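Observations on the model geometry
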Amino acid sequence: MSKKFLACSLALALIISLAAGAFAATSPFVPIVKNASPAVVNIDVEKVQTRSFSPFPFDDDPIFKRFFGDAFKDFTRSVPMKGRGSGFIVSKEGLILTNNHVVDGVDKISVSVVLSDGNKKTYSATVKGSDPAYDLAVIKIEPDEDLPVLELGDSDALEVGEWVIAIGNPYGFEHSVTVGVISAKNRSIHAQDVNFDDFLQTDAAINPGNSGGPLLDMDGKVIGINTAIV
């Protein structure tokens, strides 16, 4: 390798390194995420389902039925079904917005909040209202202190191509951040029992567990709630 080519390579690497450092230092997403993340919460839900079962593996055998009949088919057991989603605080008194499908029909709702001292606390929550048509729900916790809140923005003012930030708890990884743009507006989803209209489409990565988390504009205001993956 010639000295001239080596010098050019080193110079190019230095330029790329400086450019990357300059972008990291001036990233507009960092202050938005720092300000918004404390108001994003993890929601764990539990629903108890009753299932019929037989404790005997040969209860369909004709010899077994001859002696015992169908008496052993009447056993039931309660099976806890667990799920997880996200939400965000909209009042210091503990009102939280999330998706209706996260909390619909569940028996127990637990909300994990990061407090001002950095510690995490879990509260029980109750559903205060819901709108299945728009997949929205309001839940309430009873906090011991004022909570950080997110301000609602104006989704009608968004333009396709604008930057947006999604914060949530995909796969249980709390306060994960993804960035993208508004890919389209007024999308509709019609599949099986799902009928959603006037939705925003974004290329910011959304994964299971992100449901109910906020989609933020560059002012740090909530302009959408992460709902569905197609």
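Everything discussed here concerns the structure shown above.
Residues numbered from 1 in each chain as written. Predicted model: local features only at pLDDT ≥ 70, side-chain atom pairs only at ≥ 80, totals over all residues. Heavy atoms only, no water.

**Side note on the pattern of salt bridges**
Pairing of side chains with opposite charge becomes possible as their charged atoms draw close. For the structure shown, the criterion picks out five salt bridges. Asp44 serves as the salt-bridge partner of Arg84, at 2.8 Å between the closest nitrogen and oxygen. In this pair, Arg84 sits in strand β2 (residues 75-89) while Asp44 sits in strand β1 (residues 40-53), placing the two residues 40 residues apart along the sequence. The residue Glu151 makes a salt bridge to Lys221 at a minimum N-O spacing of 3.6 Å. Separated by 70 residues along the polypeptide, Glu151 in the loop between β7 (136-140) and β8 (163-168) and Lys221 in the loop between β11 (214-216) and β12 (222-225) bring together distant segments of the chain. Judged by relative accessible area, Lys221 falls into the partly exposed class, the value being 28%. (Salt bridge = Lys/Arg side-chain N within 4 Å of Asp/Glu carboxyl O. Helix = DSSP H or I, 4+ residues; strand = E, 2+ residues; numbered from the N terminus. Buried < 20%, exposed > 50% of the residue type's maximum accessible area, 1.4 Å probe, protein only.)

**What to know about the side chain of Ser86**
Relative to the elements of secondary structure, Ser86 occurs in strand β2. Apart from the residues lying within four places of it in its own chain, the contact partners of Ser86 are Val41, Ile43, Thr98, Gly168, Asn169, Gly209, Asn210, Ser211, Gly212 and Gly213. (Contact = heavy atoms within 4.5 Å.)

**Concerning helix α2 (residues 29-36)**
All of the buried residues along α2 are Phe29, Ile32, Val33 and Ala36. For α2, the buried positions fall inside an angular range of 95 degrees around the axis, keeping them on one side. Residues of α2 that are exposed and point over 90 degrees away from its buried face: Pro31, Lys34 and Asn35. (Arc of directions from axis to C-beta.)

**Quick look at the layout of surface pockets**
Size it by volume and the largest pocket reaches roughly 980 Å³. Taken together, 33 residues make up the lining of the largest pocket; nearest its centre are Asp198, Phe199, Leu200, Gly224 and Ile225. Looking at the lining of the largest pocket, the elements with two or more residues in it are β9 (176-191), β10 (194-202) and β12. For the lining of the largest pocket, the element with the most residues is β10, which contributes six residues. (1 Å grid on protein atoms, 1.4 Å probe; cavity = no way out; pocket = protein on both sides within 12 Å on 5 of 7 lines; lining within 4 Å. Points joined across faces, edges and corners; volume = space filled by probe spheres on them.)

**So, the pairing of strand β6 (residues 126-131)**
Regular strands place side chains that alternate from one sheet face to the opposite one. Summarising the sheet, β6 and β7 pair through five bridges and their orientation is antiparallel. Across the sheet, Ser130 pairs through a bridge with Ala137, a residue of β7. As consecutive antiparallel partners, β6 and β7 are separated by four residues, and within that stretch Asp135 has a phi angle of approximately 55 degrees, a positive value. (Pairing = 2+ DSSP bridges.)

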